[in-house]
2 protein chains.
Amino acid sequence: MSTSTTRERMIETADRLFRRHGYHATSWRTLVEESGTPWGSIQHHFPGGKEELAVAAIEVGHAQALSYREHWFERADSVPAGIRLWFEKVASALERSGWELGCPIATVALETVNASPALAETCAHAFDVSQRSLAKDLRAAGIAPARARELAMLIFATFEGALILARAARSQKPLQLAGKQFEALLADELRALDR
Amino acid sequence: MSTSTTRERMIETADRLFRRHGYHATSWRTLVEESGTPWGSIQHHFPGGKEELAVAAIEVGHAQALSYREHWFERADSVPAGIRLWFEKVASALERSGWELGCPIATVALETVNASPALAETCAHAFDVSQRSLAKDLRAAGIAPARARELAMLIFATFEGALILARAARSQKPLQLAGKQFEALLADELRALDR
């Protein structure tokens, strides 16, 4: 078993368990056992223990979430349609996971914002990069830079909150509704620019 | 010390600690010690332990959050202005708490949605009541019932997500921006109805 495989399996396990149960409910022992990693090699990969593993898991989970959004934007006819498609695909994936696999950042962010400066910093950075990446796509569609930053923040806030409401209600509706609403809002703003 | 005081102090302590650190990081021992409650009387008030106390804490925290929104709606000149004022007041209160006191529901909801049916149900109910209450105010302002339900869901999703982004970034901006955006959106919809 290669070194990278062990490390990757630890991170994948941590990402999945933190999204499902949160940071504090997931013990180091569970992480080790579920990833099937020999105890000896863990110390080598994550000498900082659960906190260090969580930083890596958030970075990897965040990178995947970013690619996921970009993937659906590329497959849509327009940026407004891309937003709707992204929200819809997240909604159906959430239901398929039995409403278990939410945002790779939000639960850990809320749990550790006052307890771990390293995790708080990692979560804040991940949210910031997500917004910058979305703002870039909005600018490319023709939205002015300042407005693109605002809209990216607003869309991301709504995305995170809709994920919470969707999981709590076990319903795709909050995400579907938010996707449709922002598709309409963005299409209106782009039409106004064309006039 | 009256019976109701002991119970209330336990609930207030639980609400504060769960908002700050989450459900799993707050031990039963910490709850007992921080509330200054004699061990003997706790069993009497919460025979179901931490889970039962958390259900009560979410119900109380939710009722306070609901009154808080209504308070600012009553003080605003219009429903659109009420939304902006509510978001702004939550933003400044969050900063005053050292970015510690977020939503009384969200952290526990994310942590327990897959682990505690009782808590998941309590959180889902609290989110539902919040949306119904807001939808009622939107209907009173003239928004059609189906659209009022949609807008209430959207505004609540954005509120919850903006609280996460605000805490992570230690910035009032996500909440302030969302408040302004929904003030404008709602004012537009009401103007369109007048035409």
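Residues numbered from 1 in each chain as written. Chains lettered and ligands numbered in written order. Predicted model: local features only at pLDDT ≥ 70, side-chain atom pairs only at ≥ 80, totals over all residues. Heavy atoms only, no water.

Q: Hey, could you run me through the interface of chain B and chain A in this one?
A: Often, the extent of an interface is quoted as the loss of accessible area on bringing the components together. Contacts between chain B and chain A engage 36 residues on the former and 36 residues on the latter. Contact between chain B and chain A buries roughly 3400 Å² in total, counting both sides, with carbon and sulfur atoms accounting for 72%. When residues of chain B are sorted by the area they lose upon contact with chain A, Leu110(B), Asn114(B) and Leu165(B) head the list and together hold 19% of the total. Our enumeration of links across chain B and chain A arrives at 0 salt bridges. Seen at the junction of chain B and chain A, the total is 5 residue pairs in polar contact (both at pLDDT 80 or more). It is helix α8 (residues 145–169) of chain B that contributes the most residues to the side of chain B that touches chain A, 14 residues altogether. Each residue belonging to the side of chain B that touches chain A can be placed in one class, and the counts come to 19 nonpolar, 9 polar and 8 charged. (Contact = heavy atoms within 4.5 Å. Buried area = accessible area lost by both parts, 1.4 Å probe. Salt bridge = Lys/Arg side-chain N within 4 Å of Asp/Glu carboxyl O. Polar contact = N/O pair within 3.5 Å; in protein donor to acceptor, adjacent residues only side chain to side chain. Helix = DSSP H or I, 4+ residues; strand = E, 2+ residues; numbered from the N terminus. Nonpolar A, V, L, I, M, F, W, Y, C, P; charged D, E, K, R; others polar.)

Q: I tried to follow empty space enclosed by the protein on my own but got confused; where do I start?
A: Rolled over the atoms, a probe with the dimensions of a water molecule shows which regions are left empty. Tallied over the full model, the rule gives 3 cavities of 30 Å³ or more. Roughly 60 Å³ of volume is contained in the largest cavity. As for the largest cavity, its lining consists of Leu154(A), Gln181(A), Phe182(A), Leu185(A), Leu154(B), Gln181(B), Phe182(B) and Leu185(B). Elements with a minimum of two residues in the lining of the largest cavity: α9 (173–194) of chain A together with α9 (173–194) of chain B. Looking at the lining of the largest cavity residue by residue, the classes come out as 6 nonpolar, 2 polar and no charged. Within this model, the second largest cavity holds a volume of roughly 40 Å³. Lining the second largest cavity are Ile164(A), Arg167(A), Ala168(A), Ala109(B), Leu110(B), Val113(B), Ala120(B) and Cys123(B). For the lining of the second largest cavity, the elements supplying multiple residues, two or more each, are α8 (145–169) of chain A together with α6 (106–112) and α7 (117–140) of chain B. (1 Å grid on protein atoms, 1.4 Å probe; cavity = no way out; pocket = protein on both sides within 12 Å on 5 of 7 lines; lining within 4 Å. Points joined across faces, edges and corners; volume = space filled by probe spheres on them.)

Q: For this particular structure, what's the right way to read the environment of Leu154(B)?
A: With respect to the element layout, Leu154(B) can be found in helix α8. Residues contacting Leu154(B), with those up to four places away along its chain left out, are Thr158(A), Leu177(A), Ala178(A), Gln181(A) and Phe182(B).

Q: What is the right way to read the state of the cysteines from this model?
A: Tallied over the entire structure, the rule returns 0 disulfides over all chains. Here Cys103(A) stays free of any disulfide, with the sulfur of Cys123(A) as its closest cysteine sulfur at 8.5 Å. (Disulfide = S-S within 2.5 Å.)

Q: Hey, could you run me through the packing of aromatic side chains in this one?
A: When we look at a pair of aromatic rings, we describe it by the centre distance and by the angle of the planes. In this structure the tally under the stated criterion is 16 aromatic pairs over all chains. Consider the rings of Trp86(A) and Phe159(A), whose centres lie 4.5 Å apart with planes at 25°: the pair is stacked. Placement of Trp86(A) in helix α5 (residues 79–96) and of Phe159(A) in helix α8 is noted, with a sequence separation of 73 residues between them. Across the pair, exposure class does not vary: Trp86(A) and Phe159(A) are buried alike. Seen from their ring centres, Trp86(B) and Phe87(B) are 5.0 Å apart, and the 75° between their planes marks the pair as edge-to-face. For Trp86(B), a relative accessible area of 3% translates into the label buried. An aromatic cluster is defined as three or more aromatic residues linked by ring pairs; in this entry it consists of Phe73(A), Trp86(A), Phe87(A), Phe156(A) and Phe159(A). The ring of Tyr23(B) has Lys50(B) sitting right over it, with the charged end atom 4.4 Å from the ring centre. Over the face of the ring belonging to Phe73(B) we find Arg69(B), whose NZ or CZ atom lies 4.5 Å from the ring centre. (Phe/Tyr/Trp six-rings, centres within 6.5 Å; stacked < 30°, edge-to-face > 60°. Buried < 20%, exposed > 50% of the residue type's maximum accessible area, 1.4 Å probe, protein only. Lys NZ or Arg CZ within 6 Å of the ring centre and 35° of its normal.)

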